Amino acid sequence: MPEPIVPHDLLANSIRFLAADAVEKANSGHPGLPMGMADVATILFTKFLKIDPAEPKWPDRDRFVLSAGHGSMLQYAVHYLLGYADMTLDEIKRFRQLHSRTPGHPEYGHTLGVEATTGPLGQGLAMSVGMAIAEAALNARYGDDLVNHRTYVIVGDGCLMEGVSHEAIDLAGHLKLKRLIVMWDNNHISIDGATSLATSTDQVKRFEAHGWRTMSIDGHDPRAIEAALKWAQDGDRPSFIACRTTIGFGAPTKQGKESTHGSPLGAAELEATRKNLHWSYPSFEIPAESLSYWRKAGERSRGLRAEWETRAKAHPKWAAFSHDISGDLPGDFSGKMADYKRGLIESKPNVATRKSSEMTLGIINAALPNSLGGSADLTHSNLTLTKGQESLTAEDFHGSYVRYGIREFGMSAAMNGVALHGGFLPYGGTFLIFSDYARGAIRLSALMGIRVIYVLTHDSIGVGEDGPTHEPIEQIASLRALPHLNVYRPADAVECAECWELALGSTKNPSALALSRQNLPTLRTSSDVNLSARGAYVLSEPEGGRDVTLLATGSEVSMAAEAAKALGAEGIKAAVVSMPCWSLFEAQDAGYRASVLGAAPRVAVEAAISFGWDRYIGEGGRFVGMHGFGASAPGAEVYKAFGITAQAVIEAAKALVKR
C-alpha cells in the first residue's frame, strides 16, 4: 500500500507552531528563524540528512549544526518530530526552563543529536569546518565503506557578519571541503532592523571569492530547496545555498520584521498566525498524519545504519577505526612516555619549553596515529610539526597536520569541530598573546568539555625584542579564570612531558600549554610519579622546616630555585613549590594543599600580573612579577628592567622572614 501523501505545508507548519508555542509559553526565545527556515529544515531532515535518532552517535551519520543557535526551537521541534528519545512534548513545553533538554541555545552533551554548542554567532559555521576536515581526513584513511557522510549547517546573517566566518569559509574553500553544505537564512533582518543598516556585502559573491559553489533559491519553495540540496551532494568544493526567506513566516503583522527575531509573537499574533496558515490545532498539538510522516522520516536511515554496522565490523581496518573513534590512548602509550621522561632525567636538556613540547610531540605523534596537529602560521615558532608529519591539502587528506593560516579564532573553532566529530585528537599552536583572538572558541571548548589542546608559546616578557604588543601579561590569568580549562605552565622538559600526558588524558577538559621562548634548565631529578598531576608540588624542601616558601610557575621556577639556594647559604630555609596547573591543584584535598603551601610566609614569582596569586600568598605575602605592560629589548634585559630576578625574590623573602 503506498504511503499517504502529506502536504509539505503541514510538515513545515508542525515546526513553526511547536516553535512559536514553546517561545510563547516560555515568554522568551526566538520564533523568527524557526518559522522562516521551517521549509528548508523539513526538506533537509525528511529527505537528505543521514541520521538515526535511535543511535545518535552513529559514527557515519551526517552532522547538522545550527550555527544560528538562537533559533534552537527549530532543532528541538525537529528532534521531537523525528522521535529522539529525550525530546518529548513535555520538554518542548519546558523550553528555556531549568534542567530542561531545551535550553535557550543548543548545548552539546545536554540534548541528544546536538552536535555542537552554538549561539555565539559564526562559531557553529567555523566548527563545521573542523567537522568537515575530520570527515575528509578519516575518509582518506579508511575509505567510503567506513566514512561517507556530510556536514550541513544553517547560518544566519549574524553568523556571516562575525569575523570568524571569514577565517572559516576561507579555510574551507582553500581545502575544497566538498562535503560541507551551508544553508543561509537570508531574511535581510537582524536585531536592529534591516541588515542594510549595517552591511552591503553580497554574500554569494563573497563565498564564490573564497572558492565555494553557490546557489540562490526561494527558501519557501520545497521543490527549489530539494533541487538545491541535490545539487550540493556531488560538488568538488563546499556548497553555499542562499535561501531567501521571510523571518517569522506566517505571522500576518510581524513577518519580515525584527520584532519576530527575539520576542514571542504574543497571544493575538499567534492566534492570527494560526488562521493565516490554516492551522486549526491547539497549542503543542501535532496532527497525526504529520507526526507519523516525521517519525517515519526519523527511521529513514535506520537500514543504512544497520548495513554500515555489518559492513564496518567486517572491514579489515575496523579495529583501527573504532579505536580512533573511541578517543582512547593506546595501551602502551604511558610506557613510552615513562621511558621518554626517564631519558630526560638522564640527559637534563637545557631548552625552551616550546622545544620540550616539540620533543614530547615527537613521542606522542609517533605513538598516536590519530593526533591532528596544526598552527596558525607559526609552525616554526610554536614547534608543533614533528618528524614524519605531512600537511593536509585539498588534494590529499592523508596528512596529520593542518596549515590553519593566520586564523587563530578559526583554527581554535575548527579544532573544536574536529574534537566533536571524533576520530582525531586535535592540537594547535599560536603565541600566548594571540589567545585573545581565539578566546571565544577556547571558552566553547571548556563549556562543551572536549579534549582540545592549545599550544601557546612565547608565554612572557621573555619574548623580548618584539615588545609589549607580543608580550603576554594578563593572558595566563585570563585563561585560568575559564572554568574547566586546564592551564599548564611547565618549568622544564620533564614537567612539559607530564603536562602533555595530562592534557591527552583529560577527555572532558580542554588544555592550554603556556610555553617559554627562552631556554630553561631541567630541575626535576625523578620522573617516577607525574607530580604535575596534582597541579603543584614541592620541588625542594629544606631540612628542619621552612622559613619561607617560594611559589612559581614555568620559567620562573628555576629563578625561585636559584633564590632558594642563595637564601640557604645565608641560613634562610626556603622551600620551592612548582605550580604548573592551578586548577588541578585546587582539585586536591585540603590536606595536600596545606602540605604543599606550608605555614611559612610565601613569595610568588611569575612573569605576569599578580591576579589570582593572593589566594596562595595571603595578605602578607609578596609577589614578584609584572604590574603593567612589557618593553622591547632582549628578554633577559626586560626581566631585569621589570625586577623579575632571583635577587628580587631573595629580597622579598628576606623582608618576610625579618618581619
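Preceding block: the structure.
Note that this is a predicted model, so its numbers are computed, not measured.

*Asks:* Looking at this structure, I do not really get the overall build of the protein. What am I missing?
*Replies:* In terms of regular secondary structure, the protein is built from 27 helices and 20 strands. Here the C-alpha radius of gyration of the protein, 28 Å, is about what a compact globule of 659 residues would show, namely 26 Å. Dimensions of the protein, computed from C-alpha atoms along their principal axes, come out at roughly 95 × 55 × 45 Å. Counting across all 659 residues of the protein, residues that qualify as buried make up 61%. Pairs at least 24 apart in sequence give 78% of the contacts found in the protein among residues at least 6 apart. Carbon and sulfur atoms provide 52% of the accessible area of the protein, an area that totals close to 24800 Å².

*Asks:* In this structure, what is going on with the environment of E55? I would like to understand it.
*Replies:* Inspection of the secondary structure puts E55 in the loop between α3 (38-48) and β1 (63-66). Given a relative accessible area of 37%, E55 falls into the partly exposed group. Separated by 58 residues in sequence, E55 and G113 place their C-alpha atoms 9.2 Å apart.

*Asks:* Got a minute to help me understand the sheet that holds strand β12 (residues 453-457) in this structure?
*Replies:* Strands belonging to one sheet form pairs held by backbone hydrogen bonds; the direction of such a pair is parallel or antiparallel. Strand order across the open sheet formed by six strands is β10-β9-β11-β12-β14-β13, with parallel pairing between neighbours. Sheet topology places β10 (401-403) and β13 (486-488) at the edges, where each strand pairs with a single neighbour. Taking the axes of each pair of neighbouring strands and ignoring which way they run, one obtains an average angle of 20° across the sheet. As defined by bridge partners, β12 adjoins strand β14 (residues 511-515) across five bridges and the pair is classed as parallel. Bridging from a neighbouring strand, T457 pairs with L515 of β14. Packed on one face of the sheet, helix α18 (residues 408-421) meets β9 (371-375), β11 (425-431) and β12 and runs near 170° to β11.

*Asks:* Please explain the pattern of salt bridges as it appears in this structure.
*Replies:* Here the idea is simple: oppositely charged side chains can pair when their charged atoms come close. The final tally for this structure, using the stated rule, is 29 salt bridges. The partner of R94 in a salt bridge is E91, and the shortest N-O contact between them spans 3.3 Å. Classification of R94 as partly exposed rests on a relative accessible area of 31%. For E91, a relative accessible area of 14% corresponds to the buried category. A salt bridge links K654 to E570; the shortest N-O distance between them is 2.7 Å. You can see K654 sitting in helix α27 (residues 646-658) and its partner E570 sitting in the loop between α22 (556-569) and β18 (574-578), a full 84 residues away along the chain.

*Asks:* Quick question: what am I supposed to make of the pairing of strand β17 (residues 548-552) here?
*Replies:* It is a general feature of regular strands that their side chains alternate between the two faces of the sheet. Of all five residues that make up β17, five are buried, and the element is covered over most of its length. Of the two faces of β17, both are covered, the one formed by V548, L550 and A552 as well as the one formed by T549 and L551. The sheet contact formed by β17 and β18 spans five bridges and is parallel. Counterpart to A552 in the pairing with β18 is S578. On the question of chirality, the crossover connecting β17 to the parallel β18 by way of α22 is right-handed.

*Asks:* Help me understand the nonpolar core in this model?
*Replies:* Taken as a class, soluble globular proteins show a tendency for nonpolar side chains to be buried jointly. F45 and L229 are the most contacted members of the largest nonpolar core, which totals 133 residues. In terms of residue count, helix α6 (residues 123-142) provides more of this core than any other element does, 12 residues in total. Beyond its immediate stretch of four places on either side in the chain, L229 contacts I43, L44, F48, Y152, I181, M183 and I241.

*Asks:* Help me understand unusual backbone geometry in this model?
*Replies:* One can expect most non-glycine residues to show negative phi and most peptide bonds to be in trans. Non-glycine residue N27 carries a positive phi angle of around 55°. Here N27 is to be found in the loop between α1 (8-26) and α2 (32-36). The class of N27 is exposed, set by a relative accessible area of 61%. Even without glycine at this site, F284 takes up a positive phi of about 65°.

*Asks:* Any chance you could explain the sheet that holds strand β3 (residues 180-186) here in plain terms?
*Replies:* In space, the five strands of this open sheet follow the order β1-β2-β3-β7-β6, with parallel pairing throughout. Edge strands, defined here as strands with exactly one partner in the open sheet, are β1 and β6 (213-218). When the angles between neighbouring strand axes are averaged without regard to direction, this sheet yields 15°. Looking at chain direction, strand β2 (residues 151-155) and β3 are connected through five bridges and run parallel. Residue pairing across strands places Y152 opposite I181, the latter belonging to β3.

*Asks:* I tried to follow the pairing of β9 on my own but got confused; where do I start?
*Replies:* Of all the five residues making up β9, five are buried; the element is thus mostly covered by neighbouring parts of the structure. Residues S371, G373 and S375 line one face of β9 and the alternating positions L372 and G374 line the opposite face, and both faces are buried. Inspection of the sheet shows β9 paired to β11 by three bridges, in the parallel sense. By the bridge assignment for β11, S371 is matched with L425. Note: β9 against β10, three bridges, orientation parallel. Residue S375 lies in a different strand from β10, and its bridge partner there is R403.

Cut-offs used in this document
Residues numbered from 1 in each chain as written. Predicted model: local features only at pLDDT ≥ 70, side-chain atom pairs only at ≥ 80, totals over all residues. Heavy atoms only, no water. Helix = DSSP H or I, 4+ residues; strand = E, 2+ residues; numbered from the N terminus. Rg over C-alpha atoms; globule rule 2.2 N^0.38 Å. Buried < 20%, exposed > 50% of the residue type's maximum accessible area, 1.4 Å probe, protein only. Contact = heavy atoms within 4.5 Å. Areas by Shrake-Rupley, 256 points an atom, 1.4 Å probe, with all protein chains shown as cover. Pairing = 2+ DSSP bridges. Axes fitted to C-alpha atoms, helices over the stretch in contact; angles between N-to-C directions. Salt bridge = Lys/Arg side-chain N within 4 Å of Asp/Glu carboxyl O. Right-handed = clockwise from strand over helix to strand, strands pointing away. Core = buried A, V, L, I, M, F, W, Y, C linked by side-chain atoms within 4.5 Å.

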